[in-house]
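Here are the chains, one letter per residue:
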Amino acid sequence: DYPLGRISFNAQHPIDARSRIEIDYEPLTTDYREELVSVGGGGILRDSLFYFNVGIQHEGDDRDKMIVGDLSSSDLALLELSGDSPAIRSAVFDDTAGSYIIDTLFLPDSVLKYVGPSSGDLRVTFSFVGEGNGAYRFLGSDVYQYVGVRSADYLPVVVVPAAERIRDAAILIGSKTDLFGDLTLDLRTTETDRNLLSDKDDDDNVGYYYDLKSSRSWKMNDKENILKLRRRMRESKFNSTRRINSPDFNRSYFIPVNFVPTSDELLHDVSFGITPLKGINLTAGMSDLDYRSQFNSRMTGATFKVEPLDKLSGQVGFSNVNTKLYSDSISGDGEATTFNALIEYKFGSKYRIHTEFQSDNRENEYSPLKTGTRYNRFQYGISSDKETISYSYFDEDSLSTKWNRSLIRHRLRGSSRRTIGRISIDLSTAYQWLDDNLGRQESLLGRAGIRYRDFKNALAITTLYDLSNEQRNARGISFLQVEQGRGQFRFEDGEYLPDPDGDYIKLDEILSDRASVRRSHKSFSFSKDFEEAAIRFNSDIEEELLPEGKKDLFWLIPFYTDESQPYLFYRSDHQLDLNFIRLGHFHLFNFEFRRELETRSLRGGERRRRESNGALELRESISNTYLSQRVELFDNERDKLYSASGDVSGVELGIKARHSFNSSEILFGGGYRYASTDDDEVSRQFSIEVGGRLSLLQKGELRLKTTAYRQKFSDLIGAASYQLTDNRYGKQGVHWNLSINYGVHGSTRINATLNGRHSDDRTARIFMHGEVVTTF
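Note that this is a predicted model, so its numbers are computed, not measured.

Peer 1: Run through the overall build of the chain, naming residues and quoting values.
Peer 2: Within the chain, the regular secondary structure consists of three helices and 43 strands. Its C-alpha atoms give the chain principal-axis dimensions of roughly 85 × 75 × 65 Å. Within the span of the chain, comprising 776 residues, buried residues form 35% of the whole. Within the chain, contacts between residues separated by at least 24 positions form 53% of all contacts whose residues are at least 6 apart in sequence. Counting only carbon and sulfur atoms, one obtains 54% of the accessible surface of the chain, whose full area is about 45400 Å².

Peer 1: Could you give me a rundown of the pairing of strand 41 (residues 732–745), with the residues and numbers involved?
Peer 2: Pairing of strand 40 (residues 700–714) with strand 41, which is carried by eleven bridges, proceeds in the antiparallel orientation. For Gly700, the partnering residue across the bridge sits in strand 41 and is Tyr742. Between strand 41 and strand 42 (residues 748–759), which follow one another and run antiparallel, lie two residues, and Gly746 among them has a positive phi close to 60°.

Peer 1: Explain the environment of Ile717 to me, and be specific about the residues and the numbers.
Peer 2: Among the secondary structure elements, Ile717 is positioned in the loop between strand 40 and helix 3 (722–725). For Ile717 and Asp680, which are 37 residues apart along the polypeptide, the C-alpha to C-alpha distance reads 9.3 Å. Here Ile717 is in contact with Asp679 and Glu681, once residues within four sequence places are set aside.

Peer 1: Describe the packing of aromatic side chains, with residues and values.
Peer 2: Scanning all chains against the criterion turns up 36 aromatic pairs. Judged by centre distance (5.3 Å) and plane angle (35°), the rings of Tyr431 and Trp433 are tilted. Residue Tyr431 is classed as partly exposed on the basis of its relative accessible area of 29%. Through a chain of ring-to-ring contacts, three or more aromatic side chains come together here, namely Tyr100, Phe106, Tyr114, Phe126, Phe128, Tyr136, Phe138, Tyr144, Tyr146 and Tyr154. One residue, Lys522, lies across the ring of Trp555, its end atom 4.2 Å from the ring centre.

Peer 1: Provide a residue-level description of the nonpolar core, including the pertinent values.
Peer 2: Inside soluble globular proteins, nonpolar side chains tend to come together where they are buried. Core analysis: the biggest nonpolar cluster contains 23 residues, and Tyr100, Leu112, Val124, Phe126, Tyr136, Tyr144 and Leu568 have the highest contact counts within it. Within the residue set of this core, elements represented by two or more residues are strand 7 (120–124), strand 9 (136–140), strand 28 (459–481) and strand 31 (504–529). A per-element tally of this core places strand 31 first, with four residues. Excluding residues within four positions of it along the chain, Tyr136 makes contact with Ser110, Val111, Leu112, Phe126, Tyr144, Gln145, Tyr146, Ala152, Asp153, Tyr154 and Pro156. Residues Tyr253, Leu267, Tyr291 and Tyr366 belong to the second largest nonpolar core, which totals 13 residues.

Peer 1: Can you tell me about the pattern of salt bridges, naming the residues and giving the values?
Peer 2: The tally for this structure, following the rule as stated, stands at 57 salt bridges. In this structure, Arg167 and Glu191 form a salt bridge, with 3.5 Å as the shortest nitrogen-oxygen distance. Taken together, the residues Arg167 in strand 13 (residues 165–177) and Glu191 in strand 14 (residues 181–193) connect sequence positions 24 residues apart. In this structure Glu191 comes out as partly exposed when scored by relative accessible area, which is 28%. One salt bridge in this structure joins Arg630 and Glu632, with 3.4 Å as the shortest N-O distance. On the basis of relative accessible area, Arg630 is assigned to the partly exposed category, the value being 26%.

Peer 1: With reference to specific residues and values, describe the environment of Leu576.
Peer 2: Tracing the backbone through its elements, the reader meets Leu576 in strand 33 (residues 567–583). A sequence separation of 424 residues divides Leu576 from Ala152, and the C-alpha atoms of the two residues are 46 Å apart.

Peer 1: Which residues make up helix 1 (residues 73–82), and what are the values?
Peer 2: An α-helical turn contains 3.6 residues, so a residue and the one three or four places further along point in the same direction. The complete set of buried residues in helix 1 reads Asp75, Leu79 and Ser82. Mapping the buried residues of helix 1 onto a view down its axis gives an arc of 70°, with all of them on the same face. Among the exposed residues of helix 1, those pointing more than 90 degrees away from its buried face are Ser73 and Leu81. Looking at the buried side of helix 1, the elements it contacts are strand 3 (88–90). Note on helix 1: the residue one or two positions beyond its end, Gly83, has a positive phi of about 60°.

Peer 1: Go over a nonpolar patch on the surface with me, naming the residues and quoting the values.
Peer 2: Taken together, the side chains of Val39, Leu45, Leu49, Phe50, Phe52, Val54, Ile56, Ile173, Leu183, Leu185, Leu187 and Leu212 make up a nonpolar region of the molecular surface, amounting to roughly 920 Å² of accessible area. Elements supplying a minimum of two residues to the nonpolar patch: strand 1 (32–45), strand 2 (50–66) and strand 14. Of the residues forming the nonpolar patch, the biggest block, four residues, is contributed by strand 2. In this fold, Ile173 is placed in strand 13.

Peer 1: So what's going on with a negative patch on the surface? Which residues, and what values?
Peer 2: Taken together, the side chains of Asp678, Asp679, Asp680 and Asp715 make up a negatively charged region of the molecular surface. With respect to the helices and strands, Asp678 occurs in the loop between strand 38 (664–677) and strand 39 (682–695). Judged by its relative accessible area of 46%, Asp678 falls in the partly exposed class.

Peer 1: Quick rundown of the pairing of strand 30 (residues 495–502)? Include the residues and the values.
Peer 2: Bridging between strand 29 (residues 487–492) and strand 30 involves five bridges; their strand directions are antiparallel. When the bridges of strand 30 are listed, Phe491 appears paired with Tyr496. In this antiparallel pair of consecutive strands, strand 29 and strand 30, the connection spans two residues, and Asp493 shows a positive phi of 55°.

Peer 1: I'd love a proper account of the side chain of Asp168, names of residues and values included.
Peer 2: When you line up the elements, Asp168 lands in strand 13. Judged by its relative accessible area of 6%, Asp168 falls in the buried class. One polar contact links Asp168 to Arg242, side chain to side chain, over a distance of 2.9 Å. Those residues within four positions of Asp168 in sequence are excluded, and the remaining contacts are Gly55, Ile56, Gln57, Thr189, Thr190, Ser240 and Arg242.

Peer 1: Pulling in residues and values, what's your account of unusual backbone geometry?
Peer 2: The bulk of non-glycine residues show a negative phi, and the bulk of peptide bonds are trans. The peptide bond linking Leu107 to Pro108 adopts the cis configuration, its omega dihedral lying at 10°. Relative to the helices and strands, Pro108 is located in the loop between strand 5 (100–102) and strand 6 (112–114). In this structure, Ser623 is a non-glycine residue whose phi angle is positive, near 55°. Within the secondary structure layout, Ser623 lies in the loop between strand 35 (605–622) and strand 36 (625–638). Classification of Ser623 by relative accessible area gives exposed; the value is 66%. Even without glycine at this site, Ala644 takes up a positive phi of about 60°.

Peer 1: Tell me about the side chain of Thr463, and please be specific about residues and values.
Peer 2: Relative to the assigned elements, Thr463 resides in strand 28. Assessed through its relative accessible area of 12%, Thr463 is described here as buried. Discounting residues that sit within four places of it in the chain, Thr463 has contacts with Ala448, Gly449, Ile450, Ser523, Phe524 and Pro558.

Peer 1: So, the environment of Gly148: which residues are in play, and what are the values?
Peer 2: Within the element layout of this structure, Gly148 appears in the loop between strand 10 (143–146) and strand 11 (154–155). Classification of Gly148 by relative accessible area gives buried; the value is 14%. For the pair Gly148 and Gly134, spaced 14 residues apart in sequence, the C-alpha separation works out to 8.1 Å. Excluding residues within four positions of it along the chain, Gly148 makes contact with Gly134 and Ala135.

About the thresholds
Residues numbered from 1 in each chain as written. Predicted model: local features only at pLDDT ≥ 70, side-chain atom pairs only at ≥ 80, totals over all residues. Heavy atoms only, no water. Helix = DSSP H or I, 4+ residues; strand = E, 2+ residues; numbered from the N terminus. Buried < 20%, exposed > 50% of the residue type's maximum accessible area, 1.4 Å probe, protein only. Contact = heavy atoms within 4.5 Å. Areas by Shrake-Rupley, 256 points an atom, 1.4 Å probe, with all protein chains shown as cover. Pairing = 2+ DSSP bridges. Phe/Tyr/Trp six-rings, centres within 6.5 Å; stacked < 30°, edge-to-face > 60°. Lys NZ or Arg CZ within 6 Å of the ring centre and 35° of its normal. Core = buried A, V, L, I, M, F, W, Y, C linked by side-chain atoms within 4.5 Å. Salt bridge = Lys/Arg side-chain N within 4 Å of Asp/Glu carboxyl O. Arc of directions from axis to C-beta. Patch = residues over 30% accessible without salt bridge, like charges linked within 9 Å, V, L, I, M, F, W, Y side chains within 5 Å. Lys, Arg positive; Asp, Glu negative; His and termini not counted. Charge placed at Lys NZ, Arg CZ, Asp CG, Glu CD. Polar contact = N/O pair within 3.5 Å; in protein donor to acceptor, adjacent residues only side chain to side chain.

Here you go:
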């Protein structure tokens, strides 16, 4: 989930502290306007014997155009002097309406303490300075707590944003011939300027990289045999935005944790795979990785595979890595040895049994004290095309002054996928128990899905469950700015207002507070079409139950939950649609009900949002004229954490008429809305809607919708919230939308939308979005 920066793992792949996870992502926002220029091409010569690809890319910031505000003269001077180093200045200011004070418990050290809005004498801005480089942790809502030097991620400083740029040029040349096999040369260069507003440190911006590979294959004993050679050089100044190394590169070569190369890298690799006899395969290889005068790693390995019978196979493999670390303060050796074996037997037409063993031993003197880890892993399993069950055992020892058992893990996993008539069942679970220095720990991950579909009787029922025990962070609410027209909110008068053409998206704000929770996510859907009626019901519930909470048997009901339990996070959404008396392709009576509830536990308190609404709509048709009358009741409650907090309830009445003719239509309507808050603020709103659709020579259509409104207020306390006014401003105004969708030629179409908002108390807002869509 890119906007949230969140990755979810399911029960098929349990994750624990010893799992290795590597993630590549690219930030979406910057303090400057972005520049991106990319051009490339390639060709194939002499009947595909030779080929090449060339690419050039310029990516970075526009140094003269900040997105928000401008740099002061002092900031510009600080950036000019800092070169490629971070430009940092203090962010603590005297302010009698501030939120922080100096904590006297830490004097003479200056430690800041949050005391509440307008209750302190200091105004402070905190900046993220890297994991483990700060002294304060973020608790949400502008609250930061001191936890110790180099124990958190934030400091009371302002990091002056520097405009950056990277230029990347690459050429790939290759040939494929019978004599020399496959031969490729990947040559690249980058120029990285980390501060476009300073000329300092610009002498080390350019770096080079090349990767030369050769492979030759031949047939022997009806199998493909291959020989591979490789030489790679990477200068320390080379800075590519593309991934160069495989995810396990550092582990494979036993590179020290937090190792930062300051010298060039040189890698040599040779490997081969041969089949000397039918049913026997041998692969082997050797690599040498060298950072001149810093670190050297040599790796050798081989794997032997044998298939004595059609249904029986096995393999044995090993690898050994010897390393040398050079440093001004210490020089140390390292060695890693890995051994693995696998046996698999197939029986029947669809079953297989397998057993696997792996041993890994790592020792190093990268620090004054010799350290290391070693583990053994056994796994046994039986599987078919529908079911799988496996058991694994894992033990790990750690070396400090002597070897000590640090972990024993047992894990049992199973899955099943079955279809019985109209019922589909999908089950998976993983249960594990750990014994470590903290004692016995048990955890469960489970997923269950049951689907029933009867197409003949138009009946569908789906139930899904996800269960797990996890460590979860508390979550607040934040908003991320995106491209105009791509968001669902806009920021105006200190509030984030719903807007389908906005430039902000809402996301979870990950806070420092953590808790062990029993997490569950369950959903339920039911749909049934009768001859004269239709029923739709959907339920979605997400729970993070705190340890003091309890679950009973009623929890198994997929659309039921106990809202009174203590949750770190809770969200439920229930929606019911009932339709009666069918008239052609629609129903006369249409009833809708929706209730959404969300709670968040933040700093010991609960923040709550509840939104409920129910509506009854009548629909009729007379020839080509379609009528609808609608009444809707709504009741919303919001804590201060949420935008436009408070309680708002009311009623909406509406009537519309739509007439179709010659593939076009016109629309007329009107409405009345009454809303009040728990402080007796009242809004009465009257509206008129006019619109239509016009066909354009059978290649597209033009749509127009205009809504004019007038509203009156009573007993307002300050400015009216957008919930009270249904996101409409002033005493009168107009909202309109004009869109065109037109086919120009063949598969090429033009889509354009123009939106306008006008009211008597603010400047008009007009937004346009256009695109050309084509198929090649």
